[in-house]
Amino acid sequence: MSARNVFSNRGFRGVRLALAQELARHTGSGKAFRSLVDQDSTPRQRLYSALDIRRARLRMSGVAADVDFAGPRLINVRMSKGGTGKTTVAANVASCMALMGLRCLLIDADPQASLTTVYGINWAEADITHVGELMRRAYVGQDPCMRDAAWRIYEGGMLDIIPADISLAGADAWLISASYRERTFAKLLEVERQFLSGYDVIIIDSAPGASLLTTAITYGCRSILAVVALNGHSVRAMEVLASNVQELNRHIEPPGIDVHIVANGYMAGYQSCLDSLEILRGQFGDYLDDNILPHAAAFMRDMSVMAESDSGAVIEREPRSFGARAVIDLTNSLLDYYKVSLLPPNAAGRLPGRARKTKERNVP
């Protein structure tokens with residue numbers, strides 16, 4: 001059974017030529033890019049989908065067929081309090097990565113289901129199998145059927161989502177009595193290895209706090225992308241998260257949960273933002289991404305109050321906005337940091353773009 005399709009229920013169909021070329025890292029002419037996509041649509045008016053851009057990038061690199069390579073990179077977007085913008089970051093980075101030609105799977109691991117709503121799925125009415133249920137099936141030896149739980153957002157499997165609903169809050173009820181419960185998400189990943197190998201990156205929007213579910217996901221991912229809003233409450237919450245990571249590192253083998261931080265909601269001239277950023281740089285400077293997301297109205301419109309079908313990432317709805325530019329810059333930085341590529345490691349150097357070397361860092 002293929003993934004359920006919500007693509008047809010949403011207005012987004014792709015991006016225009018100039019942005020498509022930038023996202024594909026294509027520096028040639030528009031005519032040359034169109035020849036890479038090899039479509040018969042009206043050349044100067046058409047929109048380019050994530051699948052079009054993937055095909056172009058593969059052909060630019062001399063890869064004739066779409067082949068699975070090293071398997072996906074896991075990025076766990078997490079914070080110890082709500083309201084920091086983690087769902088906004090997860091959705092926008094995932095859409096941007098997909099539009100750069102990477103096959104992305106989103107997992108909504110927050111019972112609030114905000115990420116699910118961003119992509120036009122009405123969780124109150126839809127038939128949803130969430131990640132908590134998939135983990136339970138894998139734990140008891142059943143086939144999780146992850147493929148059947150995935151909803152298709154972009155055509156060609158470029159962006160899929162495992163949605164959530166409020167019943168995900170009950171996952172801790174069975175996890176509390178599970179043996180080796182911290183390994184239950186890792187077990188799901190192992191059981192579904194074949195299905196997941198079809199993606200280049202998996203992005204998880206974890207619930208705030210430190211529940212049994214979020215702990216199991218962190219153990220399975222061994223990485224956290226922490227989103228910190230530039231205010232005092234959020235900066236203090238980052239200190240709590242760092243303490244949680246230190247505790248986890250003392251109890252897992254091998255230790256070493258990787259942490260990367262994105263500062264969100266910067267407003268020039270606001271002293272509270274400047275003070276918060278100074279504290280972050282002082283305490284967590286080695287973990288802080290160079291790109292800081294601004295406070296932008298476009299981010300507030302990712303979830304429509306009028307109709308789910310009008311929701312979506314900023315790069316879909318307002319691709320020329322200041323917010324979209326900030327997302328593109330952040331996504332490029334994260335691709336560098338997490339070493340995400342749609343090519344095998346020995347071919348990565350053939351892709352144009354930055355080649356800054358990074359190393360994984362663990363909270364001491």
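Analysis parameters
- Numbers given for residues are sequential positions, taken from 1 along each chain in its written order.
- Per-residue local features are limited, in this predicted model, to residues with pLDDT of at least 70; the limit for side-chain atom pairs, both in listing and counting, is 80 or more; totals at the level of whole chains, interfaces and linings are taken over all residues.
- Heavy atoms throughout the structure, all of them, feed into the side-chain values; hydrogens and water do not.
- Each helix is a run of DSSP H or I of at least 4 residues and each strand a run of E of at least 2, with the numbering of both proceeding from the N terminus.
- Buried, partly exposed and exposed residues are distinguished by accessible area as a fraction of the type maximum, computed with a 1.4 Å probe on protein chains only: under 20%, between the cut-offs, and over 50%, respectively.
- Using a 1.4 Å probe, the Shrake-Rupley method yields the accessible areas, and only the shown protein chains count as cover for residues.
- Both site types are read off a 1 Å grid over the protein atoms alone. A 1.4 Å probe that fits but cannot get out defines a cavity, while an open set with protein on both sides within 12 Å along at least five of seven lines defines a pocket; lining residues have an atom within 4 Å of a point.
- Grid points are joined across faces, edges and corners, and a volume is the space filled by probe spheres set on the points.
- Strand pairing follows a simple DSSP-based rule, namely that at least 2 bridges must link the two strands.
- The classification used treats Ala, Val, Leu, Ile, Met, Phe, Trp, Tyr, Cys and Pro as nonpolar, Asp, Glu, Lys and Arg as charged, and all other residues, Gly among them, as polar.
- Across the chain, each position has a pLDDT score giving the predictor's confidence in that residue, from 0 to 100.
- Should any heavy atoms of two residues lie within 4.5 Å, those residues are counted as being in contact.
- A pair of aromatic rings is counted whenever rings of Phe, Tyr or Trp (Trp by its six-membered ring) have centres within 6.5 Å, and the orientation is called stacked for planes under 30 degrees apart, edge-to-face for over 60 and tilted otherwise.
- Simply put, an axis is a line fit to the C-alpha atoms, just over the touching stretch for a helix, and the angle between two N-to-C directions goes from 0 to 180 degrees.
- Any angle that is under 35 degrees is reported as roughly parallel, and any over 145 degrees as roughly antiparallel; angles of 65 to 115 degrees are reported as roughly perpendicular and all others as oblique.

I'm lost on the overall build of the protein chain in this one. Help?
In terms of regular secondary structure, the protein chain is built from 16 helices and nine strands. When the 364 residues of the protein chain are sorted by exposure, 55% land in the buried category. Summing over all exposed atoms, the protein chain offers an accessible surface of approximately 15900 Å²; the carbon and sulfur share of this is 50%.

Would you take a moment to explain the layout of surface pockets for this structure?
Reported here for the second largest pocket is a volume of approximately 550 Å³. Lining the second largest pocket are 25 residues; nearest its centre among them are Gly83, Thr84, Gly85, Thr88 and Asn264. Taken together, the elements giving at least two residues each to the lining of the second largest pocket come down to α4 (86-99), β8 (258-266) and α14 (297-300). Looking at the lining of the second largest pocket element by element, the count peaks at three residues for α4.

Looking at this structure, how should I read the pairing of strand β6 (residues 201-206)?
A regular strand places its side chains so that they alternate between the two faces of the sheet. When you tally the buried positions in β6, you get six out of six residues, the bulk of the element. Here β6 shows no split at all, with Val201, Ile203 and Asp205 on one side and Ile202, Ile204 and Ser206 on the other all buried. With five bridges joining them, strand β2 (residues 73-78) and β6 adopt parallel strand pairing. Each residue of the ladder has a partner; that of Asn76, found in β6, is Ile204. In this sheet, β6 lies alongside strand β3 (residues 104-109) in parallel orientation, the contact comprising six bridges. Bridging across to β6, Ile107 finds its partner in Ile204.

Whenever I open this one, empty space enclosed by the protein confuses me. Can you help?
Once rolled over the atoms, a probe with the size of a water molecule shows which space is left empty. Tallied over the full model, the rule gives one cavity of 30 Å³ or more. In terms of lining residues, the largest cavity is bounded by Phe7, Phe12, Arg13, Gly14, Ser49, Ala50, Leu51, Tyr154, Glu155 and Met158. The residue makeup of the lining of the largest cavity, split by class, is six nonpolar, two polar and two charged.

Sorry, what's going on with the confidence of the model for the protein chain here?
In low-pLDDT regions, the fine details of the predicted coordinates are not to be read closely. Averaged over the protein chain, the pLDDT score is 87; the fraction of residues at 70 or greater is 87%. A low-confidence stretch, residues 346-360 stays under pLDDT 50, and its non-local contacts, those more than four residues away or across chains, total 23 contacts.

I'm lost on the packing of aromatic side chains in this one. Help?
Summed over all chains, the structure comprises five aromatic pairs. Between Phe12 and Tyr154, the aromatic rings sit 5.4 Å apart at their centres with planes inclined by 40°, giving tilted as the arrangement. Highlighted residues: Phe12 in the loop between β1 (4-5) and α1 (17-24) and Tyr154 in strand β4 (residues 151-154), separated in sequence by 142 residues. Relative accessible area serves as the criterion here: at 9%, Phe12 is assigned to the buried category. For Tyr154, a relative accessible area of 2% translates into the label buried. Look at Tyr337 and Tyr338: their rings are 4.9 Å apart centre to centre, the planes differ by 80°, and that puts the pair in the edge-to-face class.

Help me understand the sheet that holds strand β5 (residues 159-162) in this model?
Think of a sheet as strands paired side by side through backbone hydrogen bonds, with each pair either parallel or antiparallel. One open sheet holds the nine strands; their spatial order is β1-β4-β5-β3-β6-β2-β7-β8-β9, and the pairing between them is mixed. Looking along the sheet, the strands with just one partner apiece sit at the ends: β1 and β9 (293-294).

Explain the packing of helix α2 (residues 30-37) against helix α3 (residues 50-60) to me, please; I cannot follow it from the model alone.
The relative placement of two packed helices comes down to the angle between their axes together with the axis-to-axis distance. The contact between α2 and α3 brings their axes to 8 Å, and the two run at 100°. Relative to α3, the element α2 is oriented roughly perpendicular. Across the interface between the two elements, Phe33, Leu36 and Val37 from α2 touch Asp52, Ile53, Ala56, Arg59 and Met60 from α3. The residue makeup of the contact of α2 with α3, split by class, is six nonpolar, no polar and two charged.

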